[in-house]
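Examination of the molecular architecture
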Amino acid sequence: MTHPKEERTFVLVKPDGVMRGLVGEVLTRFEKRGLKIIALKMVWPTAEHINKHYPSHDEWFKSVGSRTKEFFDGKKINVNEHFGTDDVVEIGKQVKSWLADYLTAGPVVAMVIEGMHAISTVRKIVGHTYPIEALPGTIRGDYSVDTPSAANVEKRVVKNIVHASGNQEESSHEIEHWFSPEEIHDYKRAEEDIMF
Ligand code: IDP
Ligand code: MG
C-alpha cells in the first residue's frame, strides 16, 4: 500500500492560466499547503495528445454531461437549445470535442504533485469545475467567473485555469501520458520531518 503522504497526482496549468501569468500563483498554492512538486515542464500539446489525456468512455461522458445538464436545469435554461440534445452522454461528447481547441491554444505547464492524499487535496485547492460555482479561496474561485452557460453559446469549454486528476485511475494514466519515469524526481522537502 502506498503511504498517504506518497500519493501522486497530475496537474496542468491550462493555456488561459499560462497566458494570464498565473503559473507562479498555482505552484505557490500547492507548495504552501505542504505538497511536493516532483516533476515540472512546459509543453505545447497536440490535439492528439489532449484527446488521449481525457477519457473516451461513456461513463466519463455521462459524468461530464450530467453535471452540465444539472447546471442548466438549476438555471432554468433549456439544455436542448444549447446542445441539440438532453442525452447526457451526447452532451459529454460535445464538451470533449471542444477540449482539444482550448488546450492547444498555447503552452501548458504540466506537473506531478506528491503529498498527503494528493489527489483529493489538490482537487480541493483547485475548486469546482465551473469557476462561477467554485468557492472563493480556491484557484478557480479566486481567478475566474467562467460558466458553462456562457461557454456553450460560444461552443467552447469552460476556461478554468487548471486541470487536476479526478481519481487514482486518471492520475496513473495522466502521469504516464505526460512524463517519462526519468522526469519524475524523488527528494525530501526541508519541512517534511516537522509537518507530518
Ligand atoms: P475537471 O476538469 O474539474 O475534472 P471534467 O469533468 O473532467 O472537469 O471536465 C473536463 C473539462 O471540460 C473541464 O475542466 C472544463 O474545462 C470542461 N467542461 C466540463 N463541463 C463543461 C460544460 O458543460 N461546458 C463547457 N466546458 C465544460
Ligand atoms: Mg476531470
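Here goes a summary of the coordinates provided. These numbers come from a predicted model, not from an experiment. (Residues numbered from 1 in each chain as written. Chains lettered and ligands numbered in written order. Predicted model: local features only at pLDDT ≥ 70, side-chain atom pairs only at ≥ 80, totals over all residues. Heavy atoms only, no water.)

Structural notes on the pairing of strand β1 (residues 7–13)
- Burial of β1 is extensive: 6 of the 7 residues sit out of reach of the surface.
- Bridging between β1 and strand β3 (residues 108–115) involves 7 bridges; their strand directions are antiparallel. Its bridge partner being in β3, F10 is matched across the sheet by V112. (Buried < 20%, exposed > 50% of the residue type's maximum accessible area, 1.4 Å probe, protein only. Helix = DSSP H or I, 4+ residues; strand = E, 2+ residues; numbered from the N terminus. Pairing = 2+ DSSP bridges.)

Regarding the site of ligand 1
- Lining the immediate surroundings of ligand 1 are 18 residues, of which R67, T68, R123, T129 and V158 lie closest.
- Between ligand 1 and the protein, one listed contact pairs an oxygen atom with a side-chain N or O atom of K14 at 3.0 Å.
- In the model, an oxygen atom of ligand 1 is placed 2.8 Å from a nitrogen or oxygen of the V158 main chain.
- Burial of ligand 1 by the protein amounts to 97% of the accessible area it has alone, namely 530 Å².
- Among the elements that take part in the shell around ligand 1, helix α4 (residues 58–74) stands out by supplying 4 residues, more than any other. (Near = heavy atom within 4 Å. Polar contact = N/O pair within 3.5 Å; in protein donor to acceptor, adjacent residues only side chain to side chain. Areas by Shrake-Rupley, 256 points an atom, 1.4 Å probe, with all protein chains shown as cover.)

Some remarks on helix α6 (residues 88–103)
- The end-to-end C-alpha distance of α6 is 23 Å, a good match for the 22 Å that 16 residues give at a rise of 1.5 Å each.
- Restricting attention to buried positions, one finds in α6 the residues V88, V89, I91, G92, V95, K96, W98, L99, A100, Y102 and L103.
- Capping the start of α6 is the job of one residue whose side-chain oxygen sits 2.9 Å from the backbone nitrogen of V89: D87. (Expected span 1.5 Å × (residues − 1).)

Structural notes on the environment of R123
- Counting through the fold element by element, R123 comes out in helix α7 (residues 118–126).
- Looking at R123, the relative accessible area reads 32%, which means it is partly exposed.
- Separated by 114 residues in sequence, R123 and T9 place their C-alpha atoms 9.6 Å apart.

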